[in-house]
Amino acid sequence: MPAGCTQPLYILPFDHRASFMSGLFGWAGALEPGQAAQVTANKRVIYDGFTAAVAGGVDQAKAGILVDEQFGADVLRDAKRGGFITCVPTEKSGQDEFDFEFGDHFARHIEAFAPAFCKVLVRYNPEGDAVVNRRQAARLRRLCEALVGGPSRFMFELLVPATPGQLAAFDADLQAYDSKARPELMLRAIGELQQAGVEADVWKVEGLDSQGDCERIVAMARRDGRSNVGCIVLGRGANERQVRAWLATAAGVPGFIGFAVGRTTFWEPLIALRDAKITRAAAVAEIARRYREWVDVFERAKAAARSEDAAPATVLAAARQD
């Protein structure tokens, strides 16, 4: 069984690589040294926003970053020296099927940084391509086995994209798929992966609209003796109002221990910085503000849920206030 994780985790993820290069700069393929330096510099802006938020009052024991080795090696080393929670991705960026970023040498790279968490992003729909699902599960089990006895725990970012048939069943309405089909598919995906020997310490899952669905996700993640496994909610690059709603919903459910919200935190400030509409200092301050906001939303909702006389509607209303 996995060791699990029950400590609060407030993660700022900026391990984006392919989407970062193409979306922010319009680049693809191998980068020139100057281009790579620009990506690295922008990731440092995000990190400086994170450290500013901690300096401004976010509890350092709960604060963490998720950043890639390619553009964030110095940030990872600095964060580890500073006592922050560090997370490192192992997947190749921009692929529909999970595979290791560094091939058969993936374990060597994990050992070099010894992060608190080794993270994978996996697109897994139980009604998708069965052959691809089996290949992914086999690689993921290999990763689990490699982490046993080491310093890094396993953080699994589960995405359940709709198949063409599933989306057609909802007349191409992605919101309807998300609310009516995705929660059940997420449960099935976690169950199938557990059966395949994939044991996550933390499940990083897409936002859910109801506490009932959040409760079912926790129950699946913690079934059969996995009582210490934690869940965190990701942001999906959604707007601030939607992220606040997902955080407030999840925070009221025991077993949801935090969040990992990336693009909604840093994307707009970096675009404005790129276009010379704001200064670097302003971008850092805005990233810090947004990260602090997610912490405040989550902790308000968690505290309200613990209050004996707080009705569910009051919990969500208090947490979602602008």
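Above this note sits the structure.
Here the residue numbering is sequential within each chain, running from 1 through the sequence in written order. Totals for whole chains, interfaces and linings use every residue, but because this is a predicted model, local features are given only for residues with pLDDT of at least 70 and side-chain atom pairs only at 80 or more, for both listing and counting. As a convention, hydrogens and water are excluded, and side-chain values are obtained from all of the structure's heavy atoms.

1. Some thoughts on the nonpolar core
Working step 1: Among the nonpolar cores identified, the biggest contains 87 residues, and Phe154, Phe156, Trp203, Phe256, Phe259 and Tyr291 are the most heavily contacted of them.
Working step 2: Counting from the N terminus, the helices are DSSP H or I runs at least four residues long and the strands are E runs at least two residues long. Of the residues forming this core, the biggest block, 10 residues, is contributed by helix α12 (residues 280-306).
Working step 3: Excluding residues that lie within four positions of it along the chain, Tyr291 makes contacts with Tyr10, Ile11, Leu12, Phe50, Ala53, Val58, Ala63, Gly64, Phe259 and Thr265. We define a nonpolar core as any set of buried Ala, Val, Leu, Ile, Met, Phe, Trp, Tyr and Cys residues linked to one another through side-chain atoms lying within 4.5 Å. Only protein chains enter the accessibility calculation, which uses a 1.4 Å probe; a residue is then buried when its area is under 20% of its type maximum, exposed when over 50%, and partly exposed in between. We call two residues in contact whenever any of their non-hydrogen atoms come within 4.5 Å of each other.

2. Here's the deal with the packing of helix α11 (residues 263-274) against α12
Working step 1: Contact geometry of α11 with α12 gives a least axis separation of 9 Å together with a crossing angle of 165 degrees. With respect to α12, the element α11 is oriented roughly antiparallel. Both α11 and α12 take part in a crossing whose hand is right-handed. Only Arg280, Ala283, Glu286, Ile287, Arg290, Tyr291 and Trp294 of α12 make contact with α11, whose side of the interface consists of Thr264, Thr265, Phe266, Glu268, Pro269, Leu270 and Leu273.
Working step 2: Note that Gly is not counted as nonpolar here; it falls among the polar residues with everything else outside the nonpolar set of Ala, Val, Leu, Ile, Met, Phe, Trp, Tyr, Cys and Pro and the charged set of Asp, Glu, Lys and Arg. Its residues assigned to classes, the contact of α11 with α12 comprises eight nonpolar, two polar and four charged. As a rule, the C-alpha atoms of each element are fitted with a line to give its axis, helices using only the stretch in contact, and angles between N-to-C directions run from 0 to 180 degrees. What sets the label is the angle itself: under 35 degrees gives roughly parallel, over 145 gives roughly antiparallel, 65 to 115 gives roughly perpendicular, and the rest give oblique. In this scheme the crossing of two helices becomes right-handed for a clockwise turn of the near helix relative to the far one and left-handed for an anticlockwise turn of less than a right angle.

3. Details of the environment of Gln195
Working step 1: Tracing the sequence through the fold places Gln195 in helix α8 (residues 182-195).
Working step 2: Under the relative-accessibility criterion, Gln195 is labelled exposed at 64%.
Working step 3: Through-space distance from the C-alpha of Gln195 to that of Phe117 is 22 Å; in sequence the pair is 78 residues apart.

4. Some points on helix α5 (residues 130-147)
Each turn of an α-helix holds 3.6 residues, which means side chains three or four residues apart point in the same direction.
Working step 1: In this analysis, the expected span of each helix is defined as 1.5 Å times one less than the number of residues it contains. With 18 residues, α5 should cover 26 Å at 1.5 Å per step; its first-to-last C-alpha distance of 26 Å lies within 8% of that length.
Working step 2: Taken residue by residue, α5 has Asn133, Gln136, Ala137, Leu140, Leu143, Cys144 and Leu147 as its buried positions. Taken down its axis, α5 places every buried residue within 120 degrees of arc, on the same side. For α5, exposure combined with an orientation more than 90 degrees from the buried face picks out Arg134 and Glu145.
Working step 3: Looking at the buried residues of α5, the elements they touch are α4 (106-113), β4 (117-123), β5 (153-159) and α8.
Working step 4: Where α5 terminates, the next one or two residues include Gly149, which has phi positive at roughly 85 degrees. To obtain the arc, one takes the directions from the helix axis to the C-beta atoms.

5. Quick look at the sheet that holds strand β2 (residues 63-66)
Working step 1: Only strands that DSSP links by at least two bridges are regarded as paired with each other. Taken together, eight strands build a closed barrel; the order of strands is β1-β2-β3-β4-β5-β6-β7-β8 and the barrel is parallel. Each adjacent strand pair in this sheet contributes to an overall mean axis angle of 25 degrees, direction not counted.
Working step 2: Summarising the sheet, strand β7 (residues 230-234) and strand β8 (residues 256-260) pair through four bridges and their orientation is parallel. Along β8, the bridge assignment pairs Val233 with Phe259.
Working step 3: Across the face of the sheet, helix α3 (residues 69-81) comes into contact with β2 and β3 (85-89) while running at roughly 155 degrees to β3.

6. Some details on the packing of aromatic side chains
Working step 1: Two rings from Phe, Tyr or Trp (for Trp, the six-membered ring) form a pair when their centres are within 6.5 Å of each other. A pair whose planes differ by under 30 degrees is stacked, one over 60 is edge-to-face, and the rest are tilted. Tallying each qualifying case throughout the model produces 15 aromatic pairs.
Working step 2: Ring geometry for Tyr47 versus Phe50: centroids 6.2 Å apart, planes at 20 degrees, classification stacked. You can see Tyr47 and its partner Phe50 sitting in helix α2 (residues 33-55), three residues apart, about one turn around the helix. Across this residue pair, the class does not change: Tyr47 and Phe50 are buried.
Working step 3: Measuring from ring centre to ring centre gives 5.0 Å for Phe50 and Phe84, while their planes differ by 70 degrees; the resulting arrangement is edge-to-face. In this pair, Phe50 is assigned in helix α2 and Phe84 in the loop between α3 and β3, connecting sequence segments 34 residues apart. The residues Phe50 and Phe84 share a single accessibility class, namely buried.
Working step 4: Feature note: the residues Tyr10, Tyr47, Phe50, Phe84, Phe259, Tyr291 and Phe298 constitute an aromatic cluster, connected by ring pairs.
Working step 5: Charge over a ring is defined by NZ of Lys or CZ of Arg lying within 6 Å of the ring centre and within 35 degrees of the ring normal. Over the ring of Phe20 we find Lys43; its NZ or CZ atom is 5.1 Å from the centre of that ring.

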